[in-house]
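Structural characterization, general
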Amino acid sequence: MQPFTTLTGVAMPLLRDDINTDQITPINRTIDPDYAALLFANARRRQDGSLDPDFPLNQPRFAGAGILVTGRNFGCGSSREGAVWGMLAIGIRCIVARSFADIYRENCLQNGLLPIELGPADAAVFEARVLAADGGATFTVDLVKECISGPGGSDIAFSLPAADRLRLIEGLDDIGLTLKHAEDISAWEKRTLVATPWLQTARDARRP
Amino acid sequence: MPQTLLDKIWDAHLVARRADGRDLIYIDRHVLHELHAPHAFKKLAQAERKVRRPDLTFSMQDHTVPTAAGRNDFTNQESTPFLQAMREGSTRNHIRLFDIDDSEQGISHVVAPELGMVLPGATHAVPDSHACTVGGLGALAFGCGTTELEHVLATQVIALKRPKRMRVRLHGRLGPQVAAKDVALCILAQVGISGGRGYAIEYAGTTVRAMPIEERLTLCNLTIEMGARSGFVAPDEATFTWLAGRPFAPQGREWDAALAHWRTLTSDEGAAFDAEVGLDCGDLEPQITWGTDPSQVVAISGRVPEHTAPGQEASFGRALDYMGLTPGSPLVGLTVQRVFIGSCTNARVSDLEAAAQVVRGRHVADGVAALVVPGSSTVKREAEALGLDAVFRAAGFLWGESGCSMCAGGNGDRGKAGERCISTTNRNFENRQGRGVRTHLASPVTAAAAAIAGQIVDVRQFLAGEV
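This structure is a prediction, so every number in the text was calculated from the model and none was measured. (Residues numbered from 1 in each chain as written. Chains lettered and ligands numbered in written order. Predicted model: local features only at pLDDT ≥ 70, side-chain atom pairs only at ≥ 80, totals over all residues. Heavy atoms only, no water.)

The interface is formed by 80 residues belonging to chain B together with 69 residues belonging to chain A. Interface area for chain B against chain A, summed over the two sides, is near 6200 Å², with a carbon-plus-sulfur share of 51%. The interface formed by chain B and chain A contains 12 salt bridges. A salt bridge links Glu104(B) to Arg206(A); the shortest N-O distance between them is 2.6 Å. Counting the contacts that link chain B with chain A gives 34 residue pairs in polar contact (both at pLDDT 80 or more). Among the elements of the structure, helix 1 (5–13), strand 1 (14–17), strand 2 (23–26), helix 2 (37–46), helix 3 (80–92), helix 5 (146–155) and helix 10 (252–262) of chain B are those that each provide at least two residues to the side of chain B that touches chain A. Looking at the side of chain B that touches chain A, the element that brings in the most residues is helix 5 of chain B, giving seven residues. Residues belonging to the side of chain B that touches chain A are distributed by class as follows: 30 nonpolar, 23 polar and 27 charged. (Contact = heavy atoms within 4.5 Å. Buried area = accessible area lost by both parts, 1.4 Å probe. Salt bridge = Lys/Arg side-chain N within 4 Å of Asp/Glu carboxyl O. Polar contact = N/O pair within 3.5 Å; in protein donor to acceptor, adjacent residues only side chain to side chain. Helix = DSSP H or I, 4+ residues; strand = E, 2+ residues; numbered from the N terminus. Nonpolar A, V, L, I, M, F, W, Y, C, P; charged D, E, K, R; others polar.)

All names here are of chain A. Neither face of strand 2 (residues 67–70) is left uncovered, since the one carrying Ile67 and Val69 and the one carrying Leu68 and Thr70 both have all their residues buried. As defined by bridge partners, strand 1 (residues 6–14) adjoins strand 2 across four bridges and the pair is classed as parallel. Counterpart to Leu14 in the pairing with strand 2 is Thr70. The pairing of strand 2 with strand 3 (residues 94–97) spans three bridges and is classified as parallel. For Leu68, the partnering residue across the bridge sits in strand 3 and is Ile95. With helix 3 (residues 82–89) bridging strand 2 and the parallel strand 3, this β-α-β connection has right-handed handedness. (Buried < 20%, exposed > 50% of the residue type's maximum accessible area, 1.4 Å probe, protein only. Pairing = 2+ DSSP bridges. Right-handed = clockwise from strand over helix to strand, strands pointing away.)

This brings us to the pairing of strand 2 of chain B. All names here are of chain B. Neither face of strand 2 is left uncovered, since the one carrying Asp23 and Ile25 and the one carrying Leu24 and Tyr26 both have all their residues buried. Note that strand 1 and strand 2 share three bridges and pair antiparallel. Paired with Leu14 across the strands is Ile25, a residue of strand 2. Linking two consecutive strands that pair antiparallel, namely strand 1 and strand 2, is a turn of five residues; a positive phi of about 90 degrees is found at Gly21 within it. Alignment of strand 2 against strand 8 (residues 157–160), held across four bridges, turns out to be antiparallel.

Honestly, that's just the spatial picture; any functional story needs more than this.
Below is the structure:
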């Protein structure tokens, strides 16, 4: 996984609450889709199918944005990881939200995408600065110092649980981390096979 | 100290605490589906990693399978690569696959309980947010992403932080034509679509105890719509009776030992919860969604809200606009073009039986396309043995082969723009059932009545001949 330390980029505002993963990445009907094209594929179009010029993703000043700024409960709904891959496909490596849905946040961490949650006061200030910058200036997210800097005011501090921060900064392979506990896993299996054996076997009683 | 059931299951499955502070929780049963598993198989192979416990892992073809009779890999060409990659990956990794032509194929969240793969007090993972469904049997289930799926394949554990504990207590006896779906929608209206974030939810109270197992599965299914990853009902004698003799459940002496253990799986008296919610279900009416998220719910006799909370005006307006509704207008009487009875929420035999009771001897209204898709091939067979397919067909419904179908449209079953669709599924999100489709979530009986009446009706008045 690509480590994350700092990121400087344009911040694209999408200031709505409860944006769900069906909106972010409509269900893919091809096994290896173009995730960039799929991102907000419905939301970025009007009823007649033409691109909606008011949707931020369609505005040239936000092309190549590195930061998405959004509201509460971002990424609710389906667990599809394509809704994170789509962000990475267009270069978004940090999402600043008022809150995230649990599974979406986990999917971000698994892919080196930094999910920052800001409290209501900081969020309001940051959103106003992002709207004022309007794609004309960049913001810098520093995960080492845990702060966001950019035009329109002083640095805004954020915090990430230490464990999640470490994983992102070091770009740690999650499976590798867990496999350090291979012996613990084997020991658990042995204990369980004795104590509650039905958990360790899933046999079809109809098959010999 | 008194413990919650969540803590009992968590502690029993805690393998180790990782260096980054996460708990490694052992996964007793892992069920995959073809929309997400092929990516994980590919990444696993690239990393030259093996599936640690193929014997505890099962593969299901459900999200992309066509529902047309006589279906095969090529019925729907967009589905072909998913079905084939799933078959290839499952074979290579020695995982039992319930393939498109298997007599027990179906939606994973329907098949895993009905075959007894899910057990009380066991942990369960599926790369699908509706994994929580199986909590109806007292299992702790986690919906997960594709990378987490790869992690579980390689290690048989999932790395999580312990969730907070929420208890939802339900009291009162449900009235006629009111069922778990209505209860769940009413809870959603109260808790909201993010009120459950960070929690695991235990459903308790007299209403839950009186619910048959299939209803409990429906109740738990909608847990994720509140933002909670896991929801469950403590198992009881009804659970054990329902599970006994199912093919993957323990048998003989092992069953007896399991049963003794399962009887200890309750939250202790006095155990502390981080949040409590209560709901009296005694006067509950059938419920229906009016908007574009599953918490935008009203009773069937209700009206579209006049106002919304401060700060939510824009999204309220967008929902009204998308749904083609005006504030304060009644739901009853809205013309319907499509009805879908199916999904992991409401496509078990009891759901189809209840809907068939409404449909029997009547006919779908002109201008309505109505589809029933059983939740599994086993459900389909049992329903056919009861003659339910004949009831639906005679009424003008299409009767499909089992799969997820129109719930998410992953197999191409979708509606047309502007259609109003009454759906027994779990998400009324914009464009989910087809671009521009206006989805109203409701129970199977409410959906069935809408198909016959050609409009949204109160199923109780409909059956009384008042509509």
